[in-house]
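Spelled out, the chains give:
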Amino acid sequence: MKRSQIAVGVVVLAWVAVVPGIVGMRAKAEFSKIGQDTSGSSSLPISTKLASFQRGWFSSTAKTEYTISMLVPPVRLTVTHKVNQFAIPFYRWAKITHTIALVDDKGVETPLPIKLNASTDKLFFGGLSTSVAAPEIDWKSQEGLHIVGKNLNLNFHGKSGETQKYDLNLPSLSATAAGSQINVSLSNLNLSGTYKDEKSATDTWQQDGHIKLDSIEATRNGNAVLKLQNLVMETDLKDHGNNFDLVYQTKIDKSIFGDANGVVADDIHFDFSYLNLNKDGLLKIQAASKAFYEAAAKAPPVAGADVAAVAAPAAGNDSTDAKLAQKKAQMTMLMQHAGELVASSPSFRIDRLSLKTPNGEVAGTFEINMDGKGLTPDALMGDNVMVLLKEKISGKGSLTLARDVFLNAFEQKNAAASAQRQMKENQLKMYVDQGYIKDDGKQLSLESTFGPQGVVVNGKRIM
């Protein structure tokens, strides 16, 4: 046997015999980090812990436990991870399959009502690639809700701490409520985008998304109440150092609101944005909210109770005063961090609202601004919050629409139609005479501003 063949045989033997053990040791170290409360840096009220890890030479098994505190009552899940430690050179170190189960109050595990095929590849050059698939979705609740779908596929990959990419495809999904006979169905839903698993106010935040939906239709007792076709939404996060903006752009090709004689609108554009959101303030609010829900989850309420009831102690409980004090402290912290958001002068804008109807076009814009200049982080903790907000909030808006949109909207096709139109003409003339609306014979328009000094419409103060 040639030396080269012997060398290759030794390398292959070493790879098969030694590498799986090394991969297993690395897997144990990574899963052990979960036991150190890796969810502590997450803003979501989800606690995670490692329940067990059994390491083998060629495969290992781990079990993690999750508690979602924001739901009432809290939802508990276990995930069993089976680690295949046979590495494929230049592709992956390990393949991990995941089996998810629900856990009841007694600690008994039951399978999910929907069968999921979930696995993760630990890639050879770093990073992860995870896929989740549900070939068949057929679930019924005790209340009569029935959800049916096919071929759900979710994939995301990237490196921890770096940009992650995700893609979800769902060809069809329908939900039917038996009691009210309401049915909602959608076709060809796709979600994709990127995000960075940051959560530090000093990091550069990255996030963008793309949503596409071929159609969605809602019916009640067999009669259509809503139809949308070709919906597309783009989202983008723009980082500005301490603050960031969230920008959304939405387009819908066709829509019907109501039955066949309902409101028809095509070429709908709805673009809006949140501006000057403070990173540090937002993260602190999320952390305080997480602490509130997790504290509430420690004392689950009776069925039907709301979140406030979760945190509120029962009458006669010896720890009532302590729990009330804790709740008050948490709410005080929330208001303080809300003050930090306000101090950054945030604003909300409808950058574009436009649509086409059989009677003409409609277009408008709107914005509301908060002046945070001179505000301290504890500005919202006093008793004069409403007065303070009234002094600091201002905004403006505009609206234009074809004259016939106003005159023909919700018009009844009957013998009284002409009388109805004349009544609307009279109403319109009254508004024009009072200065609230401008009418050039084809279009109606108005511009409004509001702030501490009052409300002005088309240059006329009304408040």
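All figures in this text were calculated on a predicted structure; none of them were measured in a lab. Every chain begins its residue count from 1, and numbering advances along the sequence as written. Where local features are concerned, this predicted model is filtered to residues with pLDDT of at least 70; where side-chain atom pairs are given and counted, the filter is 80 or more; whole-chain, interface and lining totals use all residues. Values shown for side chains rest on all heavy atoms present in the structure; no hydrogens or waters enter the calculation.

Visitor: Help me out: how do you make sense of the nonpolar core in this one?
Guide: Side chains that are nonpolar tend, in soluble globular proteins, to be buried together. Nine residue types can take part in a nonpolar core, namely buried Ala, Val, Leu, Ile, Met, Phe, Trp, Tyr and Cys, and a core is a set of them joined through side-chain atoms within 4.5 Å. Working definition: with a 1.4 Å probe on protein chains only, accessible area under 20% of the residue-type maximum means buried, over 50% means exposed, and in between means partly exposed. The biggest cluster of nonpolar side chains holds 21 residues, and the ones touching the most others in it are L152, L170 and L189. Helix and strand assignments follow DSSP, with helices taken as H or I runs no shorter than four residues and strands as E runs no shorter than two, numbered in order from the N terminus. Residue assignment for this core shows that the elements contributing at least two residues are β7 (128-140), β9 (163-177), β10 (182-196), β12 (223-240), β14 (263-278) and β17 (393-402). Excluding residues within four positions of it along the chain, L189 makes contact with L168, N169, L170, I211, K212 and L213. Among the nonpolar cores identified, the runner-up in size contains 12 residues, and L341, M370, L380 and V385 belong to it. It only takes one pair of heavy atoms within 4.5 Å for two residues to be counted as in contact.

Visitor: I tried to follow the side chain of S60 on my own but got confused; where do I start?
Guide: Along the chain, S60 turns up in strand β2 (residues 59-68). Classification of S60 by relative accessible area gives buried; the value is 2%. Pairs of N or O atoms are called polar contacts if they sit within 3.5 Å, as long as, within protein, a hydrogen donor faces a hydrogen acceptor (for residues adjacent in sequence, only side-chain-to-side-chain pairs). In this structure the side chain of S60 is engaged in a polar contact, spanning 3.1 Å, whose partner is the backbone nitrogen of G56. Non-local contacts of S60, meaning those with residues more than four positions away in its chain, are made with G24, F53, Q54, R55, H81, K82, V83 and Q85.

Visitor: Quick question: what am I supposed to make of the packing of aromatic side chains here?
Guide: Aromatic rings from Phe, Tyr and Trp, taking only the six-membered ring of Trp, are treated as a pair when their centres fall within 6.5 Å; an angle between ring planes under 30 degrees marks them as stacked, one over 60 as edge-to-face, and anything in between as tilted. For the coordinates displayed, the defined rule picks out 14 aromatic pairs. An angle of 15° between the planes, with centres 4.6 Å apart, marks the rings of W93 and F124 as stacked. In this pair, W93 sits in strand β4 (residues 92-103) while F124 sits in the loop between β6 (117-123) and β7, placing the two residues 31 residues apart along the sequence. What makes F124 buried here is its relative accessible area of 17%.

Visitor: Honestly, the confidence of the model for the chain in this entry has me stumped. Any pointers?
Guide: Low-pLDDT portions of the prediction should not be read for the details of their coordinates. Confidence of the prediction at every residue is given by pLDDT, a number between 0 and 100. Looking at the chain, the pLDDT average stands at 83 and 83% of residues meet or exceed 70. Every residue in residues 37-41 is under pLDDT 50, and counting partners more than four places away or in other chains gives 8 contacts. Considering only residues more than four positions removed or in separate chains, one finds that residues 300-316, a stretch of pLDDT under 50, has 18 contacts.

Visitor: Would you mind going over a nonpolar patch on the surface with me for this structure?
Guide: Residues form patches when they are more than 30% accessible in relative terms and have no salt bridge. Like charges link within 9 Å. Nonpolar side chains (Val, Leu, Ile, Met, Phe, Trp, Tyr) link within 5 Å. Values of accessible area rely on a 1.4 Å probe in the Shrake-Rupley scheme; residue burial ignores everything except the protein chains shown. We define a salt bridge as a contact between a side-chain nitrogen of Lys or Arg and a carboxyl oxygen of Asp or Glu at a distance within 4 Å. Nonpolar side chains collect at one region of the surface, where V16, W57, F58 and F86 lie side by side and expose about 380 Å² of accessible area between them. Mapped onto the secondary structure, F58 falls in the loop between β1 (46-54) and β2. With a relative accessible area of 38%, F58 lands in the partly exposed category.

Visitor: Just checking my understanding: could you explain the pairing of strand β8 (residues 145-158) for this structure?
Guide: On a regular strand, each side chain points to the face opposite its neighbour's, so the side chains alternate between the two faces of the sheet. Pairing of β7 with β8, which is carried by 12 bridges, proceeds in the antiparallel orientation. When the sheet's bridge partners are listed, E136 is paired in β8 with K150. Between β7 and β8, which follow one another and run antiparallel, lie 4 residues, and G144 among them has a positive phi close to 100°. What makes two strands pair is DSSP finding at least two bridges between them. Counting the residues in the hairpin turn of β8 and β9 gives 4 residues, including G161, whose phi is positive at 85°.

Visitor: Just checking my understanding: could you explain the pattern of salt bridges for this structure?
Guide: Proximity of charged atoms lets side chains of opposite charge pair with each other. Going through the model one piece at a time under the given rule, you end up with 16 salt bridges. Between K49 and E65 there is a salt bridge whose closest N-O contact spans 3.6 Å. Highlighted residues: K49 in strand β1 and E65 in strand β2, separated in sequence by 16 residues. Put simply, R403 and D439 hold a salt bridge, and the shortest N to O gap is 2.9 Å. Of the two residues, R403 sits in helix α6 (residues 403-408) while D439 sits in strand β18 (residues 438-439), which places them 36 residues apart along the sequence. Of the residues examined, D439 reaches a relative accessible area of 30% and is grouped as partly exposed. Look at the salt bridges and you will find they share partners, linking K251, D253, D267 and K356 into a network.

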